[in-house]
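Breakdown of the fold
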Amino acid sequence: MAELRYQKAIGRALEDAMAADPTVILFGEDVAEAGGSFGATKGLREKFGPARVFDTPISEAALAGAAVGAAVSGLKPVLEIMFMDFTTLVMDALVNQAAKARFMFGGRCAVPLVLRTPHGGGLGAGPQHSQCLEAWFAHVPGLKVVCPSDPINAYGLLRAAIDDPNPVIFVENKSLYASKIDAPDEFPAFEIGKARIARPGRDVTIVTYGGALRTAHAAADALATEGVEAEIVDLLSLQPWDEATVLASLSRTHRLVVMHEAVESFGVGAEIAARMADIGFDELDGPIVRLGAPFMPIPFSKPLERAYMPSVDNLVAAVRRTLA
Amino acid sequence: MTKPKPRSTGVRSGRNDPPEISRDELAELYRRLLTIRRAEERLQKLFADGEVPGFIHLSIGQEAVSVGVMDALRAQDTIASTHRGHGHAIAKGMALEGFFAELLARDEGVCRGRGGSMHVADMNIGMLGANGIVGAGLSIALGSALAHKTRGTKDVAVAFFGDGAQAEGLLHESLNIAALWKLPMLFVCENNGWGEFLPTTKHLAFQFGDLAAAYRIPHTKVDGNDVVAVQAAAHRIVEAMRDGAGPMALECMTTRVRGHFEGDAQKYRDPAEIAALAARDPVRGVADQLAALGLGVEAMEKIDGEVVAAIEAAVAHARTGTDPSFEAACADVYAEGGRA
């Protein structure tokens, strides 16, 4: 069975979506001739031609606005923003234009655009090329935010994102690009808004997403040696997020830890913890514990970055806190 | 508002060479100018009476830009407008009923009372939206032009923007990309000399023509208060764009008669400057031309009466409209659909 890497799964999803729908176009900085900074779009220009796959100037703000304009004029644009840190430059187009158009124009239009962007540290890329800013977008009514964790769900969620009539922020964790699996004969469909149980367990629920899944699995392995069975919920979709699946898991384990690579304060974890403290209060046998990055920029030096990233040990300690 | 009949006359180039235009054609332009003028005068009163919530920005004195440019457009051409967008919307074909109902925050409004003055839009007539963010329409029109080109149509996209928006980075990015990709995009600068409370001289270190030239985009400057001049330039430019000429720039020198927003006392303006604006009134200018061409007072009053009647009917319709439903609004944050 052939291997499939995460970035190839993304390329495959783009390829299949473009083959299925002639209105899908793909643009961004170095996505065409170079095939993308992380190689996800290699070969697509050759296959679909320069009218549908093209490189752009370094003009993130105008490109995002153009994606909105194209989306309300009959196309389904997929825009790549090279690093999530650069999405600071596209905020007006996403927040004031894309997110609100359907609502503020009376429900009489749709904005079917996808913005793909990589987030995450671990590469020594420093403070402006490593951030996880997904909580910003999840805070904006009208946007959807997804963050796949492996090649299979990356494929399925990207297809779903392109088919979705709403603007979708598709976040790719950089540490996952090289991850691989055995290629399936057929990719299963994924629905935006649905989480999955990545590992069943009865003692504690760990909710996480994206690249942090691997940290969660390693922590679950470590906890298993102590006889603690952790259940891992892989959110996949952050806006909307799958409240029912998280609540069902909490109802089985009665303990909850929410973990992500993004800064802990005011993050996705805060939303989930607050919601579960409300609707899941009767199920809780311990405090809901959050684990994220400390409230500081991501440092460049390897030892500093390692200390910054939420680790397996941090997660094990967080689980022990709720079990205590 | 009815779209124009195909024009029968020929040469319309150059400001020194008065374009040929028949009295009937000019009367039709007059009707359209007057529709925007009377609609905004009505809004002025409705706003003062507290019937229009929020902020409104009137384009009184700038109507010839909307009417002249839109005369060159077809229904499927797209426009992206500004916070001062009433004229653009009406000239592009927005029905007065839906327009006034929106401004009065009714469910019958074009945006079901969710957008208001700064967000009037109707995708069915290619009106991609007024916009509360200065310069934002530029990149939306850019993307629409990209869609026209990608889909292989001969449609064009037009971005309206004020002189103040020239200080936004989006203009520079959009000019570059439009030129680089030879997109069918028309940049229409409505240069009214004011960016909010500051004169253009305190906003900008350059002229739009120089900026367009830097991006190798042909630039035409016209008297934006002369509807025939705007119309002639727009037809020439848009026809060239349909033939693949790439992006173009049209700068319309015009006049902002009212404040930045309604209620702005304009204490920062010299009263003499405001008083002098009457001499450049684009609506009165056409009325004078029509009189010179022999159109009688009665005929002119008939046009005015019809325009006012249509506006009053729209206002009455809006007043009897219903309040928008919160449940329906909540249901429209996201579009349904997509693949499960």
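Look up: the structure comes first, before these words.
Note that the structure is predicted; figures quoted are calculated from it, not measured. (Residues numbered from 1 in each chain as written. Chains lettered and ligands numbered in written order. Predicted model: local features only at pLDDT ≥ 70, side-chain atom pairs only at ≥ 80, totals over all residues. Heavy atoms only, no water.)

**Some points on the overall build of chain B**
Within chain B one finds twelve helices and seven strands. Its C-alpha radius of gyration of 20 Å places chain B within 12% of the 20 Å reference for a compact globule of 340 residues. Its C-alpha atoms give chain B principal-axis dimensions of about 60 × 55 × 45 Å. For chain B, contacts bridging at least 24 residues in sequence account for 73% of all contacts bridging at least 6. Summed over its atoms, the accessible surface of chain B is roughly 13800 Å², and 54% of this surface lies on carbon and sulfur atoms. Looking at chain B, you have 36 positive and 44 negative side-chain charges, and the mean spots of the two groups are 4 Å apart. (Helix = DSSP H or I, 4+ residues; strand = E, 2+ residues; numbered from the N terminus. Rg over C-alpha atoms; globule rule 2.2 N^0.38 Å. Contact = heavy atoms within 4.5 Å. Areas by Shrake-Rupley, 256 points an atom, 1.4 Å probe, with all protein chains shown as cover. Lys, Arg positive; Asp, Glu negative; His and termini not counted. Charge placed at Lys NZ, Arg CZ, Asp CG, Glu CD.)

**Notes on the interface of chain A and chain B**
If you look at the interface, chain A gives 49 residues, while chain B gives 41 residues. Interface area for chain A against chain B, summed over the two sides, is near 3400 Å², with a carbon-plus-sulfur share of 64%. Inspection of the chain A/chain B interface yields one salt bridge. Arg102 of chain A is the partner of Asp332 of chain B in a salt bridge, and the nearest nitrogen-oxygen pair spans 3.5 Å. Across the chain A-chain B interface, the total number found is twelve residue pairs in polar contact (both at pLDDT 80 or more). Sorting the residues of the side of chain A that touches chain B by element identifies strand S2 (24-28), strand S3 (53-55), helix H3 (60-71), helix H4 (91-104) and helix H6 (151-163) of chain A as the ones contributing at least two each. At nine residues, the largest contribution of residues to the side of chain A that touches chain B is made by H3 of chain A. Per-class residue counts for the side of chain A that touches chain B are 25 nonpolar, 14 polar and ten charged. (Buried area = accessible area lost by both parts, 1.4 Å probe. Salt bridge = Lys/Arg side-chain N within 4 Å of Asp/Glu carboxyl O. Polar contact = N/O pair within 3.5 Å; in protein donor to acceptor, adjacent residues only side chain to side chain. Nonpolar A, V, L, I, M, F, W, Y, C, P; charged D, E, K, R; others polar.)

**Brief notes about the sheet that holds strand S14 (residues 289-293) of chain A**
Residue and element names in this part refer to chain A. If you walk across this open sheet you meet the five strands as S9-S11-S10-S13-S14, and the pairing is mixed. Sheet topology places strand S9 (196-199) and S14 at the edges, where each strand pairs with a single neighbour. Across this sheet, the average inter-strand angle for adjacent strands is 25 degrees, counted without regard to direction. When strand S10 (residues 204-208) meets strand S13 (residues 256-263), the two strands line up parallel, connected through three bridges. Each bridged residue has a counterpart across the sheet, and for Ile206 the counterpart in S13 is Val257. (Pairing = 2+ DSSP bridges. Axes fitted to C-alpha atoms, helices over the stretch in contact; angles between N-to-C directions.)

**With respect to the nonpolar core**
Ranked by size, the top nonpolar core spans 155 residues in total, and within it Phe100, Leu186 and Phe187 of chain B carry the most contacts. Here this core gets ten residues from one element, more than from any other, and that element is helix H1 (residues 23-48) of chain B. The next biggest cluster of nonpolar side chains, apart from the first, holds 35 residues, and it includes Ala9, Phe48, Val146 and Leu157 of chain A. (Core = buried A, V, L, I, M, F, W, Y, C linked by side-chain atoms within 4.5 Å. Buried < 20%, exposed > 50% of the residue type's maximum accessible area, 1.4 Å probe, protein only.)

**Digging into unusual backbone geometry**
Residues and elements named next belong to chain A. Of the consecutive residues Gln239 and Pro240, the connecting peptide bond is found in the cis state with omega at 0 degrees. In this fold, Pro240 is placed in the loop between strand S12 (237-239) and helix H8 (243-253). Not every positive phi belongs to a glycine, and Asp30 is a case in point at roughly 65 degrees. Along the chain, Asp30 falls in the loop between S2 and helix H2 (44-48). Accessibility expressed as a relative area gives 41% for Asp30, which makes it partly exposed. A positive phi angle, near 65 degrees, is found at Leu236, a position not held by glycine. If you trace the backbone, Leu236 turns up in the loop between strand S11 (230-234) and S12.

**Quick look at the packing of H3 of chain A against H4 of chain A**
Residues and elements named next belong to chain A. Between H3 and H4, the shortest axis-to-axis distance is 9 Å and the interhelical angle comes to 15 degrees. Judged by the angle between their axes, H3 and H4 are roughly parallel. Between H3 and H4 the crossing geometry is right-handed. When H3 is examined against H4, the residues Ala61, Ala64, Gly65 and Val68 are found in contact with a partner set consisting of Ala93, Gln97 and Ala98. Here the residues of the contact of H3 with H4 sort into five nonpolar, two polar and no charged. (Parallel < 35°, antiparallel > 145°, perpendicular 65-115°, else oblique. Left-handed = near helix turned anticlockwise from the far one by under 90°.)

**A closer look at the sheet that holds strand S1 (residues 78-80) of chain B**
Two pairing modes exist for strands in a sheet, parallel and antiparallel, and in both the strands are linked by backbone hydrogen bonds. Residues and elements named next belong to chain B. Strand order across the open sheet formed by five strands is S1-S2-S3-S7-S6, with parallel pairing between neighbours. Every other strand in the sheet has two partners, leaving S1 and strand S6 (219-223) as the edge strands with one partner each. Put simply, the sheet's adjacent strands are angled 20 degrees from each other on average, direction ignored. The sheet contact formed by S1 and strand S2 (residues 157-162) spans three bridges and is parallel. From the neighbouring strand, Ile79 faces S2, where its bridge partner is Val158.

**Some points on helix H4 (residues 96-103) of chain B**
Three- or four-residue spacings in an α-helix give side chains the same orientation, since the helix completes a turn every 3.6 residues. Residue and element names in this part refer to chain B. Across the eight residues that make up H4, a large majority, seven, are buried. Within H4 the residues assigned to the buried category are Leu96, Gly98, Phe99, Phe100, Ala101, Glu102 and Leu103. Looking at the buried positions of H4, the neighbouring elements they touch are H1, helix H3 (86-92) and helix H11 (297-319). Just downstream of H4, Ala105 is the residue with a positive phi angle, here 65 degrees.

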